[in-house]
Amino acid sequence: MTTVLAVANQKGGVAKTTTVASLGAALAGLGRKVLVVDLDPQGCLTFSLGHNPDRLEASVHDVLTGQLPLRDVVLDTDEGFALVPATIDLAGAEAVLLMRPGREFTLKRALATLDDDYDVVLVDCPPSLGVLTLNGLTAADAVLVPLQCETLAHRGVGQLLRTVTEVQQITNPDLALLGALPTLYDARTTHSRDVLSDVADRYDLPVLAPPIPRTVRFAEASASGATVLAGRGNKGAQAYRELAGNLVAHWDEGAELRTFVTE
Ligand code: ADP
Ligand code: MG
């Protein structure tokens with residue numbers, strides 16, 4: 001059985017792409033067969049995994065528009081997992097999809113053709129609540145919401161949760177909301193903690209642990225194309241490994257996900 005996890009938040013810069021790449025590497029490190037899907041026309045995930053979107057012949061766009069089977073666009077990466085890449089063509093897929101009946105189900109149908117070749121599929125959603133994100137949420141067993149621990153981080157969370165509820169009502173009754181994942185967390189300030197307790201109170205949304213600390217290593221890795229979990233001592237990488245372990249225990253044994261407890 002494949003578990004599909006969508007990583008979504010319509011706000012940009014909250015570490016969706018970093019979370020997909022790092023969690024993918026951490027889950028692969030635990031022996032899982034992992035596929036990551038880039039659903040963002042900007043192709044940042046594709047680029048960070050060593051493939052230049054401008055030079056690719058085929059991408060998720062060809063799959064969503066019905067021109068190629070999903071298997072034909074899967075690429076290898078140096079991270080021990082596979083990638084379905086995105087190119088800027090994907091920006092045009094929205095318009096094509098909008099004309100089609102069942103447009104929210106396109107990715108789900110494509111993933112079904114993989115016959116459980118992968119244990120986990122991670123979907124990197126674009127920074128919008130448009131038809132691409134609806135495809136990610138409709139294809140997913142669960143959704144994780146990265147949330148940057150800054151003032152006003154909660155703006156847009158209500159809208160995102162309403163979208164999740166609508167998807168649960170209309171296209172995917174089995175979608176589980178795992179919770180918010182605190183990212184770019186600064187343990188030295190009380191500010192990050194205050195933001196998290198505010199979000200937890202306001203929305204009745206589980207805030208998962210461990211929070212992912214802000215570390216300069218991530219900014220460096222994405223700039224240099226170095227492996228995502230490079231530098232094993234790095235606190236960010238450790239946090240993603242711990243989260244991966246918690247997710248595996250949750251999926252395999254039904255263990256409850258650890259949540260972040262604020263005072
Ligand atoms: P999104 O996909 O939500 O737009 P990204 O994953 O691209 O967000 O992250 C936005 C920026 O923040 C990137 O430059 C990334 O390298 C940086 N970043 C992400 N996580 C961390 C972290 N834990 N510490 C430091 N920088 C981070
Ligand atoms: Mg991104």
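What you are looking at is a predicted structure, and each value in this text was computed from that prediction instead of being measured.

(A) The arrangement of the overall build of the chain in detail. Per the secondary structure count, the chain includes 10 helices and 7 strands. With respect to the principal axes defined by its C-alpha atoms, the chain has extents near 50 × 40 × 35 Å. The burial tally for the chain puts 47% of its 263 residues in the buried class. Within the chain, contacts between residues at least 6 apart in sequence are counted, and of these 80% link residues at least 24 apart.

(B) The pairing of strand S5 (residues 120-124), seen in detail. With 5 of 5 residues buried, S5 is to be regarded as a mostly interior element. When strand S1 (residues 3-7) meets S5, the two strands line up parallel, connected through 5 bridges. In the strand pairing of S5, Val4 is matched with Val121. Bridge count for strand S2 (residues 34-38) against S5 is 5 bridges, and the pairing is parallel. Its bridge partner being in S5, Val37 is matched across the sheet by Val123.

(C) Focus on the site of ligand 1. Around ligand 1 lies a shell of 18 residues, among which Ala15, Lys16, Thr17, Thr18 and Phe218 are the nearest. Going through the elements one at a time, helix H1 (16-29) and helix H9 (216-224) are the ones with two or more residues in the shell around ligand 1. Residue composition of the shell around ligand 1, by class: 8 nonpolar, 8 polar and 2 charged.

(D) Inspection of the environment of Leu30 at higher detail. Counting through the fold element by element, Leu30 comes out in the loop between H1 and S2. A C-alpha to C-alpha distance of 18 Å links Leu30 and Lys235, two positions 205 residues apart in sequence. Beyond its immediate stretch of four places on either side in the chain, Leu30 contacts Ala244, Gly245 and Val248.

(E) Looking closely at the sheet that holds strand S6 (residues 142-148). Taken together, the 7 strands give an open sheet; going across it, the order is S3-S4-S2-S5-S1-S6-S7, and neighbouring strands pair in mixed fashion. Each end of this open sheet is capped by a strand with a single partner; those strands are strand S3 (75-76) and strand S7 (176-183). Against the sheet, H1 makes contact with S1, S2, S5, S6 and S7, and its axis sits at roughly 165° relative to S5, the strand it touches most. Each of S1, S5 and S6 is contacted by helix H6 (residues 131-139), which is oriented at about 145° to S1, the strand it contacts most.

(F) Region of the structure containing H1. Between the first and last C-alpha of H1 there are 20 Å, a value that for 14 residues agrees with the 20 Å anticipated at 1.5 Å per step. Of all 14 residues making up H1, 13 are buried, and the element is well covered by its neighbours. Just past H1, the residue Gly31 takes up positive phi, approximately 90°.

(G) Representation of unusual backbone geometry. Residue Pro210 follows Ala209 across a cis peptide bond; omega there is 0°. Look at Ala15: it is not a glycine, yet its phi comes out positive at around 85°. Relative to the helices and strands, Ala15 is located in the loop between S1 and H1. The buried category is assigned to Ala15, around which 23 C-beta atoms lie within 10 Å. A positive phi angle, near 60°, is found at Asp116, a position not held by glycine. You can see Asp116 is positioned in the loop between helix H5 (106-112) and S5. For Asp116, a count of 9 C-beta atoms within 10 Å gives the class exposed.

Rules used throughout
- Residues numbered from 1 in each chain as written.
- Chains lettered and ligands numbered in written order.
- Predicted model: local features only at pLDDT ≥ 70, side-chain atom pairs only at ≥ 80, totals over all residues.
- Helix = DSSP H or I, 4+ residues; strand = E, 2+ residues; numbered from the N terminus.
- Buried ≥ 20, exposed ≤ 12 C-beta atoms within 10 Å, placed from the backbone.
- Contact = placed C-beta atoms within 7 Å.
- Pairing = 2+ DSSP bridges.
- Near = placed C-beta within 6 Å.
- Nonpolar A, V, L, I, M, F, W, Y, C, P; charged D, E, K, R; others polar.
- Axes fitted to C-alpha atoms, helices over the stretch in contact; angles between N-to-C directions.
- Expected span 1.5 Å × (residues − 1).

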